[in-house]
Amino acid sequence: MLAFTAGLMLLMPLRGQHTLAIHAASCDNEVDYLGMNLRNISFFDQNGYSVAWPSDTAMTAIMAHAREGHLADADARNLSELMHQRVYNPDHYQAGLRKIKQAQHLADSALRLMQRFKSWGFVMFDSYQVVLTLYGPGGSYDNHTGQIVMLTTPTGGFKGYANPANTLIHELFHIGIEEPVVRKYGLNHQQKERLVDLFVKVWFGEVLPEYRLQSFGDSRLDPYFTTRSDFENLPRQMERFIGKQKDNNTNN
């Protein structure tokens, strides 16, 4: 779990009780986050993720050790020295902070509509912490704290999309379904990603036309989540999906 300290922060007030506080990662934050990503490097490789790393020969050596499963204390020290002495620059986060503020109205809409899902157990936080990083696979979430980490670039770019609202709304929905849906129904990685992708397409497709379904998602979910009503009755639809898969397995 990341513990990000206060830095430049943009407070995005939302109607109701939910707020988003957006921070730029500190150098120590980035060291911690890179360490976490190094420990997951095999997962990223196996699932075809494109991960942003510091461009430095010292980092290349550390990544090689991680892939070999031989990360040592010396690698952690080298990573910290690399970031503090040669890589980290707080100015590189400013364009991203300005850009994501433009997503305020869509984040507002997303959190307002997600409140209707509380009837079936969707989890929401009073406050969501959003941390901008220059590294990692693009976006991640902590369903225990409501923290979201999003990848930006020194020029204010966001991975995969010109509009960071695409990724931000994706991660907000992830947080809400982790316990009441993903764990309850035992969804695998491909299934949970497809479910989140379908939510964004169904509810925000008109205002986020560039949003794309990830190619590795489980498309067997598609017929069960085609309308907004399907998400308002998500447990019913999920039971139908799970039942169908059990029938198929029995018949095979």
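Up top you'll find the structure we're talking about.
Residues numbered from 1 in each chain as written. Predicted model: local features only at pLDDT ≥ 70, side-chain atom pairs only at ≥ 80, totals over all residues. Heavy atoms only, no water.

J.: Quick rundown of the nonpolar core? Include the residues and the values.
T.: Counting residues in hydrophobic clusters, the biggest one holds 73 residues, and the most contacted among them are Met-114, Phe-117, Phe-173, Leu-195, Phe-199, Phe-231 and Met-238. At 10 residues, helix H7 (residues 165–185) tops the list of elements feeding residues into this core. Non-local contacts of Phe-231, meaning those with residues more than four positions away in its chain, are made with Phe-117, Trp-120, Phe-173, Leu-195, Leu-198, Phe-199, Val-202, Trp-203 and Phe-225. (Core = buried A, V, L, I, M, F, W, Y, C linked by side-chain atoms within 4.5 Å. Buried < 20%, exposed > 50% of the residue type's maximum accessible area, 1.4 Å probe, protein only. Helix = DSSP H or I, 4+ residues; strand = E, 2+ residues; numbered from the N terminus. Contact = heavy atoms within 4.5 Å.)

J.: Which residues make up helix H8 (residues 189–204), and what are the values?
T.: For H8, spanning 16 residues, the distance from its first C-alpha to its last is 22 Å, which sits close to the expected 22 Å at 1.5 Å a residue. Of all the 16 residues making up H8, 13 are buried; the element is thus mostly covered by neighbouring parts of the structure. For H8, the N-terminal cap is Asn-188; the gap from its side-chain oxygen to the backbone nitrogen of Gln-190 is 3.2 Å. (Expected span 1.5 Å × (residues − 1). Polar contact = N/O pair within 3.5 Å; in protein donor to acceptor, adjacent residues only side chain to side chain.)

J.: Let's hear about the packing of helix H3 (residues 57–68) against helix H4 (residues 73–87): which residues, and what values?
T.: Where H3 meets H4, the closest approach of the two axes is 10 Å, and the angle between their N-to-C directions is 155°. Judged by the angle between their axes, H3 and H4 are roughly antiparallel. In the packing of H3 onto H4, the handedness of the crossing is left-handed. Here Ala-58, Met-59, Ile-62 and His-65 of H3 lie close against H4, whose contacting residues are Asp-75, Asn-78, Leu-79, Leu-82 and Arg-86. (Axes fitted to C-alpha atoms, helices over the stretch in contact; angles between N-to-C directions. Parallel < 35°, antiparallel > 145°, perpendicular 65-115°, else oblique. Left-handed = near helix turned anticlockwise from the far one by under 90°.)

J.: So what's going on with the side chain of Asn-37? Which residues, and what values?
T.: Positionally, Asn-37 belongs in helix H1 (residues 27–39). Its relative accessible area of 3% is what places Asn-37 among the buried residues. Setting aside chain neighbours within four positions, we find Asn-37 in contact with Phe-44, Trp-53, Gly-136 and Pro-137.

J.: Help me get a handle on the environment of Trp-203, residues and values and all.
T.: Inspection of the secondary structure assignment puts Trp-203 in helix H8. Taking the C-alpha atoms as reference points, Trp-203 and His-92, separated by 111 residues in sequence, lie 33 Å from one another. Aside from chain neighbours lying at most four places away, what touches Trp-203 is Leu-113, Arg-116, Phe-117, Arg-228, Phe-231 and Glu-232.

J.: So what about the pairing of strand S5 (residues 147–151)? Which residues, and what values?
T.: With 5 of 5 residues buried, S5 lies mostly within the body of the structure. Side chains of S5 alternate between two faces, with Gln-147, Val-149 and Leu-151 and Ile-148 and Met-150 buried alike. Where strand S3 (residues 127–133) and S5 come together, 5 bridges link them in parallel fashion. The residue bridging Val-131 from the neighbouring strand is Val-149, located in S5. Across 4 bridges, the pairing between strand S4 (residues 139–142) and S5 is antiparallel. Each bridged residue has a counterpart across the sheet, and for Gly-139 the counterpart in S5 is Met-150. Adjacent in sequence and paired antiparallel, S4 and S5 are bridged by 4 residues, among which Gly-146 carries a positive phi angle near 80°. (Pairing = 2+ DSSP bridges.)

J.: Describe in detail the packing of aromatic side chains, supporting the description with residues and values.
T.: Across all of its chains, the model carries 21 aromatic pairs by this definition. Ring centres of Phe-117 and Phe-173 lie 6.2 Å apart, and the angle between their planes is 80°; this geometry places the pair in the edge-to-face category. Of this pair, Phe-117 sits in the loop between helix H6 (104–114) and S3 while Phe-173 sits in helix H7; the two residues are 56 residues apart in sequence, bridging distant segments of the chain. With a relative accessible area of 0%, Phe-117 lands in the buried category. Put simply, the rings of Phe-117, Trp-120, Phe-122, Phe-173, Phe-199, Trp-203, Phe-204, Phe-225 and Phe-231 touch in pairs and so form one group of aromatic residues. (Phe/Tyr/Trp six-rings, centres within 6.5 Å; stacked < 30°, edge-to-face > 60°.)

J.: Which residues make up the packing of H7 against helix H10 (residues 234–251), and what values do they have?
T.: Remark: H7 packs on H10, axes separated minimally by 12 Å, with the N-to-C direction vectors making an angle of 45°. The orientation of H7 with respect to H10, classified from their angle, is oblique. Crossing of H7 over H10 shows right-handed handedness. From H7, Phe-173, Val-181 and Tyr-185 reach across to H10, where they touch Leu-234, Pro-235, Met-238, Glu-239 and Ile-242. Grouping the amino acids of the contact of H7 with H10 by side-chain chemistry returns 7 nonpolar, no polar and 1 charged. (Nonpolar A, V, L, I, M, F, W, Y, C, P; charged D, E, K, R; others polar.)

Limitation: the analysis is restricted to geometry and does not speak to function.
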